[in-house]
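Examination of the molecular architecture
The primary structure of each chain is shown beneath.
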Amino acid sequence: MSSIKHFLIVDDSRLTRMIIAKIVSEHYQQWQISHAHDAQSAVEMVKSQSFDFISLDHNMPDVTGLTILPDIQHHQPNAHIGVFTANIQRVMRQRVASHGVSFYPKPINEAMVLRFIGEAN
Amino acid sequence: MNQALLSDEHNDTLCELFNIGMGRAANSLSEMVHEEVILSVPQLNTVKASPTSLALSLGQSRYLHAIEQCFSGDLSGQAYLVFDDFSGVDLVRQLLGESAMCQDLGELEQETLTEVANIILNACFCCIAEVLECDIESDVPLLLKGTPNELFHLQFSNAGLAPYLLTVSMTFQLPSKSIKGQVSILMATESLQKLIKELERFSLIYT
Amino acid sequence: MLDKEQTLSDIVLNNAQCGLLIIDSDYLVVDSNSWFLNAAGLSPDGCLGEKIFTLFAFEQPKTLKRVIDQACQYGMASVLSSSLHPRLFPLKNRHHQPIEQLCFVTSIKYSGRRFCLIQVQDVTDPTAREKKLRHITTQLDKCSLALKYSPSSVAIFNSDGLIEFINPKFSEMTGLSESKILNMNYFSLTCISSYQLETEVWALLRDGQEWVGECLKRNINGQEYWTQDHIYPIQSHDGTISHYVAVQNDITQLRNITHEISFKSTHDSLTGLINRQEFERVVTATVAQAELATSNYLVCFLNIDKFKLINDTCGHAGGDELLYQFATICQSHFDKSHVIARLGGDEFATLITSDDSESAIRRMEALIDTIASFRFRWGESVFSLGVSIGLTIIDETIKNTDDVIKQAESACDIAKDFGGNRLHIYQADDKDLIQRQGDTYWAAKVNQALEADSFVLFAQPIIPLQQQDKISFEVLVRLKDQSGQVIAPGLFLPAAERFNLSHKIDKWVIDHTLDWLANHEHELSEIDHLAINLSGLSLNNHVLLAHIIQAIEARKIEPSKISFEITETAAIANLEQAQQFIDVLRCYGCKFSLDDFGSGLSSFAYLKNLKVDILKIDGMFVKDILNDVIDEAMVRSINDIGHVCGMKTIAEFVENAQVKQRLTEIGVDFGQGYGLGKPMPIDDILLSKLDVA
């Protein structure tokens, strides 16, 4: 984990973005952190930039996270992606798993974010 | 006036808390009906409670079912889960797997609706209590029904003077029916100020 | 653990009529009251300190876990409804019946810790009541929906006839609002054809019976409609009747369709008159009540005299038009109380009701006059008509409908025998007339005559109109009955034809004609030939063909002295065989003539295929030749065509010298008719030829 990584946080909630950003920056001061506040801007960002970690919210005002997930996976085949959502129903967990992506139920805490980063190794 | 009461940041934080709370409630409901419950993003609005704002918050419905739950502790007030028109009826029928021919709820069905509202409201308040690390207690829920006018009088007279009205609108969909509900929270001035303080305290941790 | 010393509150708790259970954040049972222990079948010490999830097996432990967590961690109260969590705890009442439960979960604080208090309420009775009520309500809702959307209108009225309930369809059908209809008398409402038997309906209903019937009604807009009404009393369990249900179905459309279908099945589509079947039904009904009635009923059988002629001339369209016009005349001649029917073809019938038969007879005679003065126009042609009417009076001797119509028909036949355009009244005591009724009579007569040799030969001269030709004669057959009366072939030939006897008559005529020729061999120099009629049946008869040649050979008769007359229709019926027959005899030297030429529409087309020597122009063209230019043109063209085909022409029905003169001018070769010579016994022709010459 010596090199500088690029972390993208996709979430319509400022609070969530802040929490994740704070946890990441506290542990990895060098990392670059980007924010996308809705699905559309997230898609635009993954087209033009390269990311190592992407945290993705599901329930967003424009398009749901799972809808854009294949697009993101296509453009960022090497990124480690995690879905962070308040929708904790079993079908949701299954759907996320079927995309080969890990699931993290909100509310988000430090251990959760660190586990997500740790999974990439 | 809205901006004066809660900043965008406060709004955002509360919304996310309700989002998480609703997510848990939906999970509980989906386990009960063995079906997926689809949630919309909550819309939060805070206004000074007045006859007009109350009437507006209840929409154009002809008949309502509302579940009242009083809460006390670090935050206090009354929370209402209000179902538009016959959304409550539809929801219960869906849960119990009965055909909805009659528009009136029987006693058993009223209990069912009360429990469902209880699940939602509790999930929301637990989430607030958990994340904001504050102490909230709730009473046993009570079912109210009637025209918006009748309900409004009840709500207003219960809330005391110059309360604030915080409304969170959301829809949750069961397989065939879309059910519209709204959480309305009536809070006294000092209670709202307390909430704002808690939100700011929480925000400070992350900024 | 809570303090176990008996306090007032302990006593209260243990007497509470609900279950109480206290659980801590580790889900351990801290306390419970007697009600809960009894219902759960536990001893007071049996559950304390036990994990609630090991004490009981829950269907959805997650729910209970959630509410306990929420209560112990956050102080949240919850409700667990009996419908979503049926029998959450396995509790039973004193009668070991399972208990339906409503649970209130609240948070209580004690010694700085939160505990979860679960109150269990027995809602078995309310639940059962509620379920029953719900069931009843659902059933009621279904009933009310069924009534609301029912295509039948439904009303409930009380024993005074006042309406107490209606469904929307009732409102719709009457056009009146519910508020207006309620409390109105059911029977007074919009009924036109009224329940005339209202009292009868009431009598039935009050007797506990139902009434079904059809009624004509009128809605608020004055529109009429038919309903089928079904009214029945509602009996309460003690047998008394307090209300009546009336169900009405709009059957206007159905009625119209039924009416249309029944009209079609009972009426003749061409004339709009009733058909034979319906007429028989009406007559049957009349016969059945004849003895009760004081009026006279007469049945007439009507037959248009020259229908076939007009039909053949004008074609089917013309024939149909004639039938239609004839029907119209009849209809305007009788008022609606009389029944007129078309039995089929050109046969009509009437059933007349009259106070006295004399006036009825006069009315029929008036119809004959009306028809006689009527002229039927088709294209350029104008035809006068005649009608033969047979009349019979329905009396107590009548046994069935068939008899009545047969009597009228036979009377009509007699009217026709007498030349048509007249009325004949059937008389039961006229033995001759009774005997004349059937074809069987005539068939028997023909057979007798063949055996007894009681036919006689007549002959009518065929006069040359152009100077160079010789006279010929058409041989005619007559029947001489026991009384010596000579009967015209019109009476017995149709019967002979129907009973396949006509070729026997033909054979008789041929044999006797040839005998006569042989006997008068030396007196025939002035006679060109004798023409013998052959029926259609004979044309197919090879045996007869062989017989003819044999007979001629045997008598050594010159074949050219014989000609055969065949009718167009007979020839056409079996053209190939007819042609063969003709060819054989023509080769042998006999002549053939085509009778009634022009009466069939297709005449000209067949003329090319039928090789004959003589054309006989149908009399109907000849008769009016002086007055009718069309007839004259017809005669001219037939004559021309005949000559073009190398045939001689004969005009029939030459009734006077003027006609003869015109025919001569036209160039017709021969003439035949009363104006030129009446049929006479064959022996007389040897005398008469001198006159003509």
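Just so you know, these numbers come straight off a predicted model, no measurement behind them.

1. Regarding the overall build of chain A
- Of the regular secondary structure elements, chain A holds 5 helices and 5 strands.
- For chain A, the α and β elements follow one another from N to C terminus as β-α-β-α-β-α-β-α-β-α.
- Against the compact-globule benchmark of 14 Å for 121 residues, chain A has a radius of gyration of 13 Å, which places it among compact chains.
- Across its three principal directions, the C-alpha atoms of chain A cover 35 × 30 × 25 Å.
- Split into buried and exposed, the 121 residues of chain A put 55% on the buried side.
- In chain A, of all internal contacts separated by at least 6 residues, the share reaching a separation of at least 24 is 65%.
- Accessible surface for chain A amounts to roughly 5,400 Å². Of this, 47% is attributable to carbon and sulfur atoms.

2. Examining the overall build of chain B
- Helices and strands together make up the secondary structure of chain B, namely 7 helices and 8 strands.
- The 207 residues of chain B split such that 60% are buried.
- Taking contacts inside chain B between residues at least 6 apart in sequence as the whole, the part at least 24 apart equals 72%.
- For chain B, the exposed surface amounts to about 8,200 Å²; the carbon and sulfur share of it is 50%.

3. Some points on the pattern of salt bridges
- For the coordinates displayed, the defined rule picks out 35 salt bridges over all chains.
- The shortest N-O distance in the salt bridge between glutamate 137 of chain B and arginine 114 of chain C comes to 2.8 Å. In this pair, glutamate 137 of chain B is assigned in strand β5 (residues 136-138) and arginine 114 of chain C in strand β5 (residues 113-122), connecting two distinct chains.
- Given the relative accessible area of 25%, glutamate 137 of chain B is considered partly exposed.
- Between lysine 616 of chain C and glutamate 474 of chain C there is a salt bridge, and its shortest N-O distance comes to 2.8 Å. Of this pair, lysine 616 of chain C sits in strand β24 (residues 614-617) while glutamate 474 of chain C sits in strand β19 (residues 471-480); the two residues are 142 residues apart in sequence, bridging distant segments of the chain.
- Assessed through its relative accessible area of 0%, lysine 616 of chain C is described here as buried.

4. Remarks on the arrangement of the chains
- Counting contacts across all 2 pairs of chains that touch, the top-ranked interface belongs to chains B and C.
- There is a clear gap between chain A and chain C: no contact, and 14 Å between their nearest C-alpha atoms.

5. A closer look at the interface of chain B and chain A
- At the junction of the two partners, chain B supplies 24 residues and chain A supplies 20 residues.
- Taken together, both faces of the contact between chain B and chain A bury some 2,000 Å²; the carbon and sulfur share is 56%.
- Broken down residue by residue, the surface that chain B buries against chain A is led by Glu16, Glu36 and Tyr206 of chain B, which jointly contribute 31%.
- Seen at the junction of chain B and chain A, the total is 3 salt bridges.
- Linking glutamate 9 of chain B and arginine 14 of chain A is a salt bridge whose minimum nitrogen-to-oxygen distance equals 2.9 Å.
- Elements with a contribution of two residues or more to the side of chain B that touches chain A: α2 (8-33), α5 (107-132) and α7 (189-205) of chain B.
- At 11 residues, the largest contribution of residues to the side of chain B that touches chain A is made by α2 of chain B.
- Here the residues of the side of chain B that touches chain A sort into 9 nonpolar, 8 polar and 7 charged.

6. Here's the deal with the nonpolar core
- Core analysis: the largest hydrophobic core is formed by 84 residues, its most contacted members being Phe18 and Leu166 of chain B.
- Top element by residues in this core is α5 of chain B. It accounts for 15 residues.
- Residues contacting leucine 166 of chain B, with those up to four places away along its chain left out, are Leu6, Leu14, Phe18, Leu44, Asn45, Thr46, Val183, Ser184, Ile185, Met187, Leu192 and Leu195 of chain B.
- Counting residues in each nonpolar core, the second largest holds 75 residues, with Ile510, Ile582, Cys590 and Phe621 of chain C among its members.

7. Some details on the sheet that holds strand β9 (residues 224-235) of chain C
Residues and elements named next belong to chain C.
- Read from one edge to the other, the open sheet built from 5 strands follows the order β7-β6-β10-β9-β8, with strand pairing classed as antiparallel. At either end of the open sheet lies a strand with only one pairing partner, and these are β7 (163-166) and β8 (211-218). Across the sheet, the mean angle from the axis of one strand to that of its neighbour is 30°, orientation sign disregarded.

8. Looking at unusual backbone geometry
- At the junction of lysine 106 of chain A and proline 107 of chain A, the peptide bond is cis and its omega measures out at 0° in the coordinates.
- By the secondary structure assignment, proline 107 of chain A is in the loop between β5 (102-105) and α5 (110-119).
- You will see that serine 111 of chain C, though not glycine, has its phi angle at about 50°, which is positive.
- Looking at the secondary structure, you find serine 111 of chain C in the loop between β4 (101-110) and β5.
- The exposure class assigned to serine 111 of chain C is exposed, which follows from its relative accessible area of 66%.
- The backbone of aspartate 453 of chain C sits at a positive phi, close to 60°, despite the residue not being glycine.
- In this fold, aspartate 453 of chain C is placed in the loop between α15 (439-452) and β18 (455-464).
- Note on aspartate 453 of chain C: relative accessible area 41%, which makes it partly exposed.

9. Thoughts on empty space enclosed by the protein
Residue and element names in this part refer to chain B.
- The final tally for this structure, using the stated rule, is 3 cavities of 30 Å³ or more.
- In this model, the largest cavity occupies a volume close to 70 Å³.
- Lining the largest cavity are Leu14, Phe18, Phe71, Leu75, Phe125, Ile128, Ile136, Leu166, Ile185, Met187 and Leu195.
- Mapped onto the lining of the largest cavity, the elements with two or more residues apiece are α2, α5 and β8 (178-187).
- Its residues assigned to classes, the lining of the largest cavity comprises 11 nonpolar, no polar and no charged.

10. Re the environment of glutamine 427 of chain C
- Mapped onto the fold, glutamine 427 of chain C is located in the loop between β17 (423-425) and α14 (431-436).
- Between the C-alpha atom of glutamine 427 of chain C and that of isoleucine 393 of chain C, which follows or precedes it by 34 residues, the distance is 9.0 Å.

11. Quick look at the packing of helix α17 (residues 502-519) of chain C against helix α18 (residues 542-555) of chain C
Residues and elements named next belong to chain C.
- In the contact formed by α17 and α18, the axes pass within 10 Å of each other and the chain directions differ by 15°. Accordingly, the angle class assigned to the pair α17 and α18 is roughly parallel. The hand of the α17/α18 crossing is right-handed. Side by side, α17 and α18 meet where Lys507, Ile510, Asp511, Leu514, Asp515 and Ala518 of the first sit next to Leu544, His547, Ile548, Ala551, Ile552 and Arg555 of the second.
- Of the residues assigned to the contact of α17 with α18, the class counts are 7 nonpolar, 1 polar and 4 charged.

12. Re a negative patch on the surface
- The grouping of Asp355, Asp356, Glu358, Glu365 and Asp369 of chain C at the surface amounts to a negative patch.
- Looking at where aspartate 355 of chain C falls in the secondary structure, it is placed in the loop between β13 (347-354) and α12 (357-373).

13. Overview of the pairing of strand β6 (residues 153-158) of chain C
Residues and elements named next belong to chain C.
- For β6, a buried count of 5 out of 6 residues is recorded, marking the element as mostly surrounded by other parts of the structure.
- In terms of strand pairing, β6 meets strand β10 (residues 241-250) through 6 bridges, oriented antiparallel. In the strand pairing of β10, alanine 155 is matched with alanine 246.
- Here β6 hands over to β7 after 4 residues, with glycine 161 in that stretch at a positive phi of 85°.

14. Comments concerning the sheet that holds strand β3 (residues 53-56) of chain A
Residues and elements named next belong to chain A.
- Taken together, the 5 strands give an open sheet; going across it, the order is β2-β1-β3-β4-β5, and neighbouring strands pair in parallel fashion. What marks the edges here is a single partner per strand, and that holds for β2 (32-36) and β5. Looking at each pair of strands side by side, their axes are set apart by 20° on average, direction ignored.
- Pairing analysis gives 4 bridges linking β3 to strand β4 (residues 80-85), with the strands arranged parallel. By the bridge assignment, leucine 56 is partnered in β4 with valine 83.
- Along the sheet face, helix α3 (residues 65-75) touches β3 and β4 and points at about 165° away from the line of β3.
- Each of β1 (6-10), β3, β4 and β5 touches α5; the most contacted strand, β5, lies at about 175° to it.

15. Section: the interface of chain C and chain B
- Every contact between the two is made by 29 residues of chain C and, on the other side, 36 residues of chain B.
- Summed over both sides, the interface between chain C and chain B buries roughly 2,600 Å², with carbon and sulfur atoms accounting for 57% of that surface.
- Of all residues in chain C, Tyr74, Met76 and Leu84 of chain C give up the largest surface area on contact with chain B, accounting jointly for 23% of the area buried on that side.
- At the boundary of chain C with chain B, the tally comes to 5 salt bridges.
- A salt bridge links glutamate 137 of chain B to lysine 109 of chain C; the nearest nitrogen and oxygen atoms lie 3.9 Å apart.
- Breaking the side of chain C that touches chain B down by element, the ones donating at least two residues are α4 (61-74), β3 (78-80), β4 and α5 (124-148) of chain C.
- Sort the elements by how many residues they give to the side of chain C that touches chain B and α5 of chain C lands first, with 8 residues.
- Grouping the amino acids of the side of chain C that touches chain B by side-chain chemistry returns 9 nonpolar, 11 polar and 9 charged.

Rules used in this analysis
- Here the residue index of a chain counts from 1 through its sequence in written order.
- Just so you know, chain letters begin at A and ligand numbers begin at 1, following the order they were written in.
- Reporting of local features is limited, given that this is a predicted model, to residues whose pLDDT is at least 70; pairs of side-chain atoms are given and counted only at 80 or more, and all residues count toward the totals for whole chains, interfaces and linings.
- Calculation of side-chain values draws on the structure's entire complement of heavy atoms; hydrogens and water are dropped beforehand.
- Strands here mean DSSP runs of E at least two residues long; helices mean DSSP runs of H or I at least four residues long; both are numbered from the N terminus.
- The quantity called the radius of gyration is restricted to C-alpha atoms. Its globule counterpart is 2.2 Å times the number of residues to the power 0.38.
- Burial classification: accessible surface area is computed with a 1.4 Å probe over protein chains only, and a residue below 20% of its type maximum counts as buried, one above 50% as exposed, and the rest as partly exposed.
- In what follows, residue pairs with any heavy atoms lying within 4.5 Å of each other are defined as contacts.
- Surface accessibility follows the Shrake-Rupley procedure with a 1.4 Å probe radius. Residue values consider only the protein chains on display as shielding.
- Any carboxyl oxygen of Asp or Glu that lies within 4 Å of a side-chain nitrogen of Lys or Arg is treated as forming a salt bridge with it.
- Summed over both partners, the accessible surface that disappears when two parts come together, traced with a 1.4 Å probe, is what is meant by buried area.
- Here the nonpolar group is Ala, Val, Leu, Ile, Met, Phe, Trp, Tyr, Cys and Pro; Asp, Glu, Lys and Arg are the charged ones; every other residue, Gly included, is treated as polar.
- Only buried residues count toward a nonpolar core, which is a set of Ala, Val, Leu, Ile, Met, Phe, Trp, Tyr and Cys residues joined through side-chain atoms within 4.5 Å.
- Here, a strand pair is defined by DSSP locating no fewer than two bridges between the strands.
- To get an axis, fit a line to the C-alpha atoms, keeping to the stretch in contact for a helix; angles then go from 0 to 180 degrees between the N-to-C directions.
- Only protein atoms enter the calculation, which uses a 1 Å grid: trapped sets of points that fit a 1.4 Å probe without letting it out are cavities, open sets showing protein on both sides within 12 Å along at least five of seven lines are pockets, and any residue with an atom within 4 Å of a point is a lining residue.
- Grid points are joined across faces, edges and corners, and a volume is the space filled by probe spheres set on the points.
- Here the angle decides the label: under 35 degrees means roughly parallel, over 145 means roughly antiparallel, 65 to 115 means roughly perpendicular, and every other value means oblique.
- For a crossing to be left-handed, the near helix must be turned anticlockwise from the far one by less than a right angle; the clockwise case is right-handed.
- Residues enter a patch when their relative accessible area is above 30% and they make no salt bridge; the linking distance is 9 Å between like charges and 5 Å between nonpolar side chains (Val, Leu, Ile, Met, Phe, Trp, Tyr).
- Counted as positive: Lys and Arg. Counted as negative: Asp and Glu. His and the chain ends are not counted at all.
- Every charge is mapped onto a representative atom, which is NZ of Lys, CZ of Arg, CG of Asp or CD of Glu.

None of this, on its own, says anything about what the molecule does.
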